[in-house]
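# Structural overview
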Amino acid sequence: MQLHPQKHHQTYITNYNKAIEQLDDAITKGDASTVVKLQSTIKFNGEGHVNHSIFWKNLTPTSEGGGEPPHGSLGLAINQSFSSVEKLIAKMNTKGAAVQGSGWVWLAVDKELKRLVVETTSNQDPLVTKGPSLVPLLGIDVSEHAYYLQYKNVRPDYLKNIWKVINWKYASEVYEKECP
Ligand SMILES: [Fe+2]
């Protein structure tokens, strides 16, 4: 789990900063075609940084409460929407396993409709691309770089085990803020 933040996440930040510098330079030179070309690099790496920043907040060691199921209003909302935490986990694992290539599986709250939803996104697309009122409670990286060291290419095993270190307390705090 150290390689992921130190290498992969850092690469998004490094590439983002590099592209911003190049953008500055291109703007100064009036080089419009480079400005246009850099936009997708900035978007991809910036979104990668945002998604991974959420992901680290979603994880915590078992000794610090990782995997302890949510209580309070989030626990109740999960039971209402998905019958149980176990059923929600099964749904997220199925959807996460079905993402083709890199991507994310999310538990989100629709802050307008005040309801929980499970969504997936491709590559580093942020959750907001699936709806402007969606706020991420949990985002799980299903890209191969998230699990290849421990689980080789077996994404379902990674998804099965990640719940042991999920920080439900953080998810509950975000939920209570969005749905007081
Ligand atoms: Fe990642």
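Residues numbered from 1 in each chain as written. Predicted model: local features only at pLDDT ≥ 70, side-chain atom pairs only at ≥ 80, totals over all residues. Heavy atoms only, no water.

Looking at an unreviewed UniProt entry, one finds the chain named Superoxide dismutase and attributed to Lactuca sativa. The heading Cofactor (unreviewed entry) in the UniProt record of the chain holds the text "Mn(2+)". The UniProt entry for the chain carries the following text under Subunit (unreviewed entry): "Homotetramer." (UniProt positions renumbered as here; feature names shortened; annotations may be inferred.)

### Remarks on the coordination of the iron ion
Within the protein, the iron ion binds to His4 (NE2), His52 (NE2), Asp141 (OD) and His145 (NE2); these donor distances fall in the range 1.9 to 2.2 Å. One can describe the donor arrangement at the iron ion as tetrahedral, given that its four donor atoms subtend angles of 95 to 133 degrees at the metal. As a motif over one chain, the donors of the iron ion read H-x47-H-x88-D-x3-H. Note that His52 is positioned in helix α2 (residues 32–57) and His145 in the loop between β3 (134–141) and α5 (148–151), a separation of 93 residues in sequence. A residue is classified by how much of its surface remains accessible, and His145, at 18% relative accessible area, is buried. (Donors = N, O, S within 2.8 Å, 3.2 Å for Na, K, Ca; no water. Tetrahedral: all angles 85-135°; square planar, octahedral: opposite > 155°, others 65-115°. Helix = DSSP H or I, 4+ residues; strand = E, 2+ residues; numbered from the N terminus. Buried < 20%, exposed > 50% of the residue type's maximum accessible area, 1.4 Å probe, protein only.)

### Let's talk about the domain arrangement of the chain
For the chain, the domain assignment lists domain 1 (3–57) and domain 2 (62–178). For domain 1 and domain 2, the distance between their C-alpha centres works out to 25 Å. Contacts between the two partners involve 13 residues from domain 1, matched on the other side by 18 residues from domain 2. Carbon and sulfur atoms make up 63% of the area that domain 1 and domain 2 hide from each other, which totals about 1,300 Å². Three residues stand out in domain 1 for area buried against domain 2, namely Asn51, Phe55 and Lys57, and they jointly supply 41% of the buried area on that side. There are zero salt bridges connecting domain 1 and domain 2. Here domain 1 and domain 2 share seven residue pairs in polar contact (both at pLDDT 80 or more) between them. Counting residues per element, the ones that place at least two in the side of domain 1 that touches domain 2 are α1 (3–29) and α2. When residues in the side of domain 1 that touches domain 2 are grouped by element, the largest group, nine residues, is from α2. Here the side of domain 1 that touches domain 2 is composed, by residue class, of five nonpolar, five polar and three charged. (Domains from an automatic or database assignment. Contact = heavy atoms within 4.5 Å. Buried area = accessible area lost by both parts, 1.4 Å probe. Salt bridge = Lys/Arg side-chain N within 4 Å of Asp/Glu carboxyl O. Polar contact = N/O pair within 3.5 Å; in protein donor to acceptor, adjacent residues only side chain to side chain. Nonpolar A, V, L, I, M, F, W, Y, C, P; charged D, E, K, R; others polar.)

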